[in-house]
Amino acid sequence: MDLYQLTAHRLHEMLVKKEVSAAEITKAVFQRIEQVEDKVNSYITLTQETAEAQAAEVDKRLAAGEAIEPLAGIPVALKDNLCTEGIRTTCASKMLGDFVPPYTATAVQRLYDANLVLVGKTNLDEFAMGSSTENSKFHLTHNPWDAERVPGGSSGGSAAAVAAGQAIVSLGTDTGGSIRQPASYCGVVGMKPTYGGVSRYGAVPFASSLDQIGPITKDVTDMAHMLNVICGHDPLDSTSANLQHPDFTKYLVNDIKGLKIGVPKEYLAEGIDSQVKNRIKEAIEKMTELGAYVEETSMPHTDYAMPAYYLLATAEASSNLARYDGVSFGFRVADAEDIVDMFKRSRSQGFGDEVKLRIMLGTYSLSAGYYDAYYLKALKVRTLIKQDFDQALEKYDLLLGPTSPSTAFKIGELINDPIKMYLQDICTIPVNLAGLPAISLPCGLVNNLPVGLQLIGKAFDEGTLLQAAFTFEQNTEHHRLRPEL
Amino acid sequence: MISKQDVDHVALLARLELTEEEKELYTQQLNKILNAAKALQEVDTDNIPPTAHVLPIQNVFREDRVGKSIDPEKALAIAPEREESFFKVPKIV
């Protein structure tokens, strides 16, 4: 098997046994990029020089007989809304097209400190607003399984890169499903940790009460290693949880006997593709066969999650994106008459259509006269959605359902219908509203396109999710399937 | 129903300058989305407190000591326009 196809934990074994060097792994990944990037288009910026220098450093330590960290020398791709000092961070927007951040995101710094190798910055929907990566100002990213289809979004580049072997692992961000849905569409593993589990410092904010950074990997073992690196308290993020996280690899145990799993019937309702449902039912059978106790349950407020989310996320976005005013960084029009003219035209020319639509919606629902009817109402409904989860997770160790109602759709299919596009996130959005951890893992194909199984856990109980996901993975072959490119 | 006048007003609040086409499009799309959001009115939320944030964090304090911050030169280096150690903008009044 080619090096770029391997998992991080397999490559680590080979590095330690001196069967391969970090430089060779990096070279293999860049050769793979050379070979398939014109078909997939995962990246906005490649950082080959940085990567080669970081890999050489790891090789030097190996040659000196030093022990290396579990992910040292592993090529990683970053969604281009994570700040990297000295490397442009565009958010796939004209607004930040030339923005080179003066500081590095904490999660990224932790990857550097663990000696991962930075391959580049991946494509996304502008400011992470979208479900298909079609809203990028730069270019489309194509699904490695079928070039006519989207990779999902908004972390589409990060998911496509891992699926296509253009990186071994990656980071994305997830505000309403933006890690899990593309992971599902591309046949890889994606996880949104508990809100507060990973520092958001240096992740360009979209909706601050919902955003989380998380990894995309080829299997659950790599996921546990990535969480070990990026989780943890950060004084630079006031919403970062001050908790000691466990060693997540301790949960890589092939056993779910007696585990109680609830399947919300709303997650398998109308609107979910019948063949996707079949894959989920097979996964349920597998879990049962492996000794879990699986039962149908109900989350009665699920249908209200989508409208509540779109009011809350856009309200927060309208406030967060007020910072782009052309004053101290980012795009500014050249010939402004006065400062208000500069604000207006810099913002109007710097932002794309979907971003402007969401700023408009958020500004409207926060404006005088509409605040109670929309924003406050949505916050109250959020309480009810969270209560649904609290009650269900009192009874069950975790919840199970599809990650997305369908497999990857065709490029252009939904771009003119925001509501249909938003419905792609119907199974993932409630989780963000409740701040819970959730993982998407491959559970088979429909018409040669991957289907994702979503497991949702209790707050700060990533361990149980990993153990259930690991057990499912060890007893199935779905995660080994790779697209032919 | 959101009117084109509403869209004009919201654009002003958001400091956006929209073309006629954009105004048409956003009026249409905002009405569609707000119509879907009407579903929330079915939910009885009397006596339900709002959740703005899922974590039980009230406030985060630290010692009032000078820490490390970004070097002014680094911050000014990315400015669209600067003069000496200031960000430069077009006339305000």
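Residues numbered from 1 in each chain as written. Chains lettered and ligands numbered in written order. Predicted model: local features only at pLDDT ≥ 70, side-chain atom pairs only at ≥ 80, totals over all residues. Heavy atoms only, no water.

For clarity, the cut-off: UniProt positions are given in the numbering used here, feature names are shortened, and annotations may be inferred rather than shown by experiment.
The name an unreviewed UniProt entry assigns to chain B is Aspartyl/glutamyl-tRNA(Asn/Gln) amidotransferase subunit C, from the organism Desulforamulus aeronauticus DSM 10349. Check the Subunit (unreviewed entry) section of the UniProt entry for chain B; it says "Heterotrimer of A, B and C subunits." Taken from UniProt, the Sequence similarities (unreviewed entry) comment for chain B reads in full: "Belongs to the GatC family."

Under the annotation held in an unreviewed UniProt entry, chain A carries the name Glutamyl-tRNA(Gln) amidotransferase subunit A and is attributed to Desulforamulus aeronauticus DSM 10349. Within the UniProt record for chain A, the comment given under Catalytic activity (unreviewed entry) is "L-glutamyl-tRNA(Gln) + L-glutamine + ATP + H2O = L-glutaminyl-tRNA(Gln) + L-glutamate + ADP + phosphate + H(+)".

1. Section: the overall build of chain B
Operational definition: Numbered from the N terminus, helices here are DSSP runs of H or I no shorter than four residues, and strands are runs of E no shorter than two. Based on C-alpha atoms, the radius of gyration is set beside the globule rule, defined as 2.2 Å times the residue count to the power 0.38. Only protein chains enter the accessibility calculation, which uses a 1.4 Å probe; a residue whose area is less than 20% of its type maximum is buried, one above 50% is exposed, and one in between is partly exposed. Exposure was quantified through the Shrake-Rupley algorithm and a 1.4 Å probe, taking into account, for residues, occlusion by the shown protein chains and nothing else. The convention is simple: Lys and Arg are positive, Asp and Glu are negative, and His and the chain ends are not counted. Taken as the charge location is NZ of Lys, CZ of Arg, CG of Asp or CD of Glu.
What chain B contains, in helices and strands, is three helices and two strands. Mapped in sequence order, the helices and strands of chain B form the string α-α-α-β-β. Since a compact globule built from 93 residues should have a radius of gyration of about 12 Å, the 22 Å found for chain B marks it as more spread out than a globular shape. Projected onto the principal axes, the alpha-carbon positions of chain B cover approximately 55 × 45 × 25 Å. Taken across its 93 residues, chain B has 29% of its residues classed as buried. About 7,000 Å² of surface is accessible on chain B, with carbon and sulfur atoms providing 53% of the total. Averaged over its 12 positive side-chain charges, chain B has a centre that lies 6 Å from the centre of its 17 negative ones.

2. Quick notes on the UniProt feature "coiled-coil region" (unreviewed entry) in chain B
When the UniProt feature table is mapped onto this chain numbering, "coiled-coil region" (unreviewed entry) sits at residues 16-43 of chain B. In residues 16-43 of chain B, the share of helix is 64% and the share of strand is 0%. The end C-alpha atoms are 33 Å apart.

3. Observations concerning the packing of aromatic side chains
Residues and elements named next belong to chain A. Quick note on the threshold: Note on ring pairs: Phe, Tyr and Trp rings are taken, using the six-membered ring of Trp, and paired if centres are within 6.5 Å. Classes follow the plane angle, with under 30 degrees stacked, over 60 edge-to-face and the rest tilted.
Under the criterion given, the structure shown has 13 aromatic pairs over all chains. Aromatic side chains Phe99 and Phe329 sit 5.3 Å apart centroid to centroid with 45° between the ring planes, which places their arrangement in the tilted category. Placement of the pair is Phe99 in the loop between strand E2 (75-79) and helix H4 (106-113) and Phe329 in the loop between helix H9 (305-320) and helix H10 (339-350), with a sequence separation of 230 residues. A ring pair is formed by Phe127 and Phe351, whose centres lie 5.8 Å apart and whose planes are at 70°; its orientation type is edge-to-face. Here Phe127, found in the loop between strand E3 (117-122) and helix H5 (156-163), pairs with Phe351, found in the loop between H10 and helix H11 (353-366); they are 224 residues apart in sequence, far enough to count as distant. Here Phe351 falls in the buried class, since its relative accessible area comes to 2%.

4. Let's talk about the packing of helix H7 (residues 220-230) of chain A against helix H15 (residues 462-474) of chain A
The geometry of a pair of packed helices is captured by two quantities: the angle between their axes and the separation between those axes. Residue and element names in this part refer to chain A. For the record, the criterion: Every angle, taken between N-to-C directions, lies between 0 and 180 degrees, and every axis is a line fitted to C-alpha atoms, over only the stretch in contact when it is a helix. Under this scheme an angle from 65 to 115 degrees is roughly perpendicular, one under 35 degrees roughly parallel, and one over 145 degrees roughly antiparallel; angles in between are oblique. In this scheme the handedness of a crossing depends on how the near helix is turned from the far one: anticlockwise by less than a right angle means left-handed, clockwise means right-handed. Throughout, a residue-residue contact means that at least one pair of heavy atoms, one from each residue, lies within 4.5 Å. Throughout this entry, Asp, Glu, Lys and Arg are counted as charged residues, while Ala, Val, Leu, Ile, Met, Phe, Trp, Tyr, Cys and Pro are counted as nonpolar. The remaining residues, Gly among them, count as polar.
The geometry of H7 relative to H15 is characterised by a closest axis approach of 9 Å and an angle of 160° between their N-to-C directions. Classed by the angle they form, the pair H7 and H15 counts as roughly antiparallel. Considering only the axes of H7 and H15, their crossing is left-handed. Along the contact surface, H7 presents Val220, Thr221, Met223, Ala224 and Leu227, while H15 presents Glu462, Leu466, Ala469, Phe470 and Glu473. Counted by class, the contact of H7 with H15 contains seven nonpolar, one polar and two charged residues.

5. Description of the interface of chain B and chain A
Cut-off, in case you're wondering: We define buried area as the total accessible area lost by two parts upon association, computed with a 1.4 Å probe and summed across both. Salt bridges are defined as contacts in which a side-chain nitrogen from Lys or Arg sits within 4 Å of a carboxyl oxygen from Asp or Glu. Pairing of N or O atoms within 3.5 Å defines a polar contact, subject to two protein rules: one partner must be a possible hydrogen donor and the other a possible acceptor, and residues neighboring in sequence count only if both atoms are side-chain atoms.
Contacts between chain B and chain A engage 50 residues on the former and 62 residues on the latter. Together chain B and chain A conceal approximately 5,100 Å² of surface at their shared face, both sides included; 72% is due to carbon and sulfur atoms. Linking chain B with chain A are three salt bridges. When the shortest N-O distance is used, the salt bridge between A:Lys356 and B:Glu22 registers 2.9 Å. Our count for the contact surface shared by chain B and chain A stands at 18 residue pairs in polar contact (both at pLDDT 80 or more). Listing elements by their share of the side of chain B that touches chain A, those giving two or more residues are helix H1 (4-13), helix H2 (20-37) and helix H3 (72-77) of chain B. For the side of chain B that touches chain A, the leading source of residues is H2(B), giving nine residues. Of the residues in the side of chain B that touches chain A, the class split is 35 nonpolar, five polar and 10 charged.

6. So, the pattern of salt bridges
Opposite charge on two side chains lets them pair, provided their charged atoms get close. All names here are of chain B. Enumeration according to the criterion identifies 29 salt bridges over all chains in this entry. The salt bridge partner of Lys4 is Glu24, with a shortest N-O separation of 3.6 Å. Here Glu24 lies in helix H2 and Lys4 lies in helix H1, a separation of 20 residues in the sequence. What makes Lys4 partly exposed here is its relative accessible area of 31%.

7. Description of the UniProt feature "domain: Amidase" (unreviewed entry) in chain A
With numbering aligned to this structure, UniProt lists the feature "domain: Amidase" (unreviewed entry) at residues 24-466 of chain A. Secondary structure over residues 24-466 of chain A splits into 38% helix and 14% strand, and the C-alpha atoms at its two ends are 30 Å apart.

8. Considerations on the side chain of A:Thr26
Residue position: A:Thr26 is located in helix H2 (residues 22-40). Not counting chain neighbours up to four residues away, the residues in contact with A:Thr26 comprise A:Ala51, A:Glu52, A:Ala55, A:Pro75 and A:Val117.

9. Describing the sheet that holds strand E8 (residues 293-297) of chain A
Residues and elements named next belong to chain A. Here is the rule: What makes two strands pair is DSSP finding at least two bridges between them.
The 11 strands are arranged E1-E3-E2-E4-E6-E5-E10-E11-E9-E7-E8 in an open sheet whose pairing can be described as mixed. Lying at the two open borders of the sheet, with one neighbouring strand each, are strand E1 (43-46) and E8. Shown here is a sheet whose adjacent strand axes are inclined to one another by a mean of 30°, direction ignored. Across the sheet, helix H3 (residues 48-63) is in contact with E1 and E3; its angle to E3 comes to roughly 160°. Contacting E2, E3, strand E4 (169-174) and strand E6 (212-217), H4 runs over the sheet at an angle of about 170° to E2.

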